[in-house]
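Chain by chain, the residues run as shown.
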Amino acid sequence: MIRFSVIILSACILLYGCQAPDSDTSSESLFDQVSREIDRLKAESLAAASTGDNIRIVVNMLTAGMDEYFAIDSLWRYTDDNIAVSKSPRVFSRSGLKIGVAGRNFKARLNIIKQQLKSSEETELFIVLANGSTGYIEIGREIYLPRFYYSNRWYTSVTYDFRRAGRSLKVTARKLPSGLIDMELTPVFSKFLSNGGDMELTELSTRLSAQPGQTLVIGGTNTGEENVSSALFGYSRAGEKKQTIITVTPYIN
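All residue numbers refer to positions counted from 1 along the written sequence of the respective chain. Reporting of local features is limited, given that this is a predicted model, to residues whose pLDDT is at least 70; pairs of side-chain atoms are given and counted only at 80 or more, and all residues count toward the totals for whole chains, interfaces and linings. As a rule here, side-chain values come from all non-hydrogen atoms in the structure, and water together with hydrogens is ignored.

Some points on the overall build of the protein chain
- For the protein chain, the helix and strand inventory stands at six helices and 13 strands.
- Type-normalised accessible area, obtained with a 1.4 Å probe on protein chains alone, sets the label of each residue: buried when under 20%, exposed when over 50%, and partly exposed for intermediate values. Buried residues in the protein chain amount to 35% of all 253 residues.
- A separation of at least 24 residues holds for 71% of the contacts in the protein chain among residues at least 6 apart in sequence.
- When the accessible surface of the protein chain is split by element, carbon and sulfur atoms take 51% of a total near 15300 Å². Strands are runs of DSSP state E lasting at least 2 residues, helices are runs of H or I lasting at least 4, and numbering of each runs from the N terminus. The criterion used for residue contact is that any of the two residues' heavy atoms lie within 4.5 Å. Surface accessibility in these figures is a Shrake-Rupley result with a 1.4 Å probe; residues are shielded only by whichever protein chains are displayed.

As structure tokens, then:
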């Protein structure tokens, strides 16, 4: 209704000119009056669209060396990965990515594994999103890329270089009428393209719904393959390879 009012008000100026107010009763021009009214209607429209509870997303990232990652990989036995819906299931299955909802024993098992790990890194952060808005979970700022060497046309060797490129998950969160929180997750490699732009892997976008306070688990398969999972969650420098698993817990503020 508000948007309709703005259109009608604008059309009044363009098509009919409208009736100007008596100059004796108001020094404000017709244009100023109509502009002020349009601004008021726009402000009301924006206010109506922004009403609703904010969504607070708590993120925990646990990184461990590949020699110990088998313990972290065992956490997937305590998750349900049949809840997530991929935009392109066939492409998603080849990516190595895994997304699931933590089961009842997940947190207890996670705490046990943390105590057993000899060398690990843990990071906790949170983002606050307005209902229906988008934010980013930053995973890392470098990506490991192969560089191939040739002599004439013959391959000779390969080395790996770090390239400054952000690795993150784009998150769009919405509160559903049922009280559940719907989240859409998309892998993003920022400043990655030749022109410095971001590369969003929209074909790997995944949606799932969770209760407020319910934990989601995001990571990849531990197969050693070079795929999206290893690029997004892997880390390797000077021969030291590490892998990250992420838990995401949304709340209604």
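There is more to say, and it comes next.
Notes on a nonpolar patch on the surface
- For patches, a residue must show more than 30% relative accessible area and have no salt bridge; joins then use 9 Å for like charges and 5 Å for nonpolar side chains, namely Val, Leu, Ile, Met, Phe, Trp and Tyr. Salt bridges, as used here, are contacts in which a Lys or Arg side-chain nitrogen is within 4 Å of a carboxyl oxygen on Asp or Glu. Together, Phe148, Tyr150 and Tyr155 line one region of the surface with nonpolar side chains, adding up to about 380 Å² of accessible area.
- Structurally, the position occupied by Tyr155 is in strand β7 (residues 154-175).
- By relative accessible area, Tyr155 is classed as partly exposed at 46%.

Observations regarding the side chain of Ser168
- Tracing the sequence through the fold places Ser168 in strand β7.
- We classify Ser168 as buried; its relative accessible area is 8%.
- With near-sequence residues (within four places) excluded, Ser168 lies in contact with Tyr136, Ile137, Glu138, Ile139, Thr186, Pro187, Val188 and Leu232.

Focus: the nonpolar core
- Formed by 32 residues in total, the largest nonpolar core has its most connected members in Ile57, Met183, Ile218, Ile246 and Val248.
- What is meant by a nonpolar core is a set of buried Ala, Val, Leu, Ile, Met, Phe, Trp, Tyr and Cys residues, joined one to another through side-chain atoms within 4.5 Å. Counting residues in each nonpolar core, the second largest holds 14 residues, with Leu62, Tyr69, Ala71 and Trp76 among its members.

A look at empty space enclosed by the protein
- Residues are said to line a cavity or pocket when one of their atoms sits within 4 Å of a point; the points come from a 1 Å grid over protein atoms alone, cavities being sets where a 1.4 Å probe fits but cannot get out and pockets being open sets with protein on both sides within 12 Å along at least five of seven lines. Grid points are joined across faces, edges and corners, and a volume is the space filled by probe spheres set on the points. By the definition in use, this model includes two cavities of 30 Å³ or more.
- For the largest cavity, the calculated volume is near 60 Å³.
- What lines the largest cavity is simply Phe92, Leu97, Ile99, Leu169, Leu185, Thr186, Pro187, Leu204, Thr206, Ile218, Leu232 and Phe233.
- Secondary structure elements with two or more residues in the lining of the largest cavity: β4 (97-102), β8 (181-190) and α6 (228-233).

Examining the packing of aromatic side chains
- Centre distance within 6.5 Å is the pairing criterion for rings of Phe, Tyr and Trp, where only the six-membered ring of Trp is used; planes under 30 degrees apart are then read as stacked, over 60 as edge-to-face, and the remainder as tilted. Under the criterion given, the structure shown has zero aromatic pairs.
- Charge-over-ring placement is defined geometrically: NZ (Lys) or CZ (Arg) within 6 Å of the ring centre, and within 35 degrees of the ring normal. When the ring centre of Phe126 is taken as origin, the NZ or CZ atom of Arg56, which lies over that ring, is 4.3 Å away.

Remarks on the pattern of salt bridges
- Counted under the stated rule, the structure contains five salt bridges.
- Linking Lys242 and Glu121 is a salt bridge whose minimum nitrogen-to-oxygen distance equals 2.8 Å. Of this pair, Lys242 sits in strand β13 (residues 240-252) while Glu121 sits in strand β5 (residues 120-129); the two residues are 121 residues apart in sequence, bridging distant segments of the chain.
- Of the residues examined, Lys242 reaches a relative accessible area of 12% and is grouped as buried.
- Using a relative accessible area of 43% as the deciding quantity, one classes Glu121 as partly exposed.
- Salt-bridge contacts for Arg174 lead to Asp182; the nearest nitrogen and oxygen are separated by 3.7 Å.
- Residue class for Arg174 comes out partly exposed when judged on its relative accessible area of 31%.
- Where salt bridges share partners, they join Arg174, Asp182 and Arg207 into one cluster.

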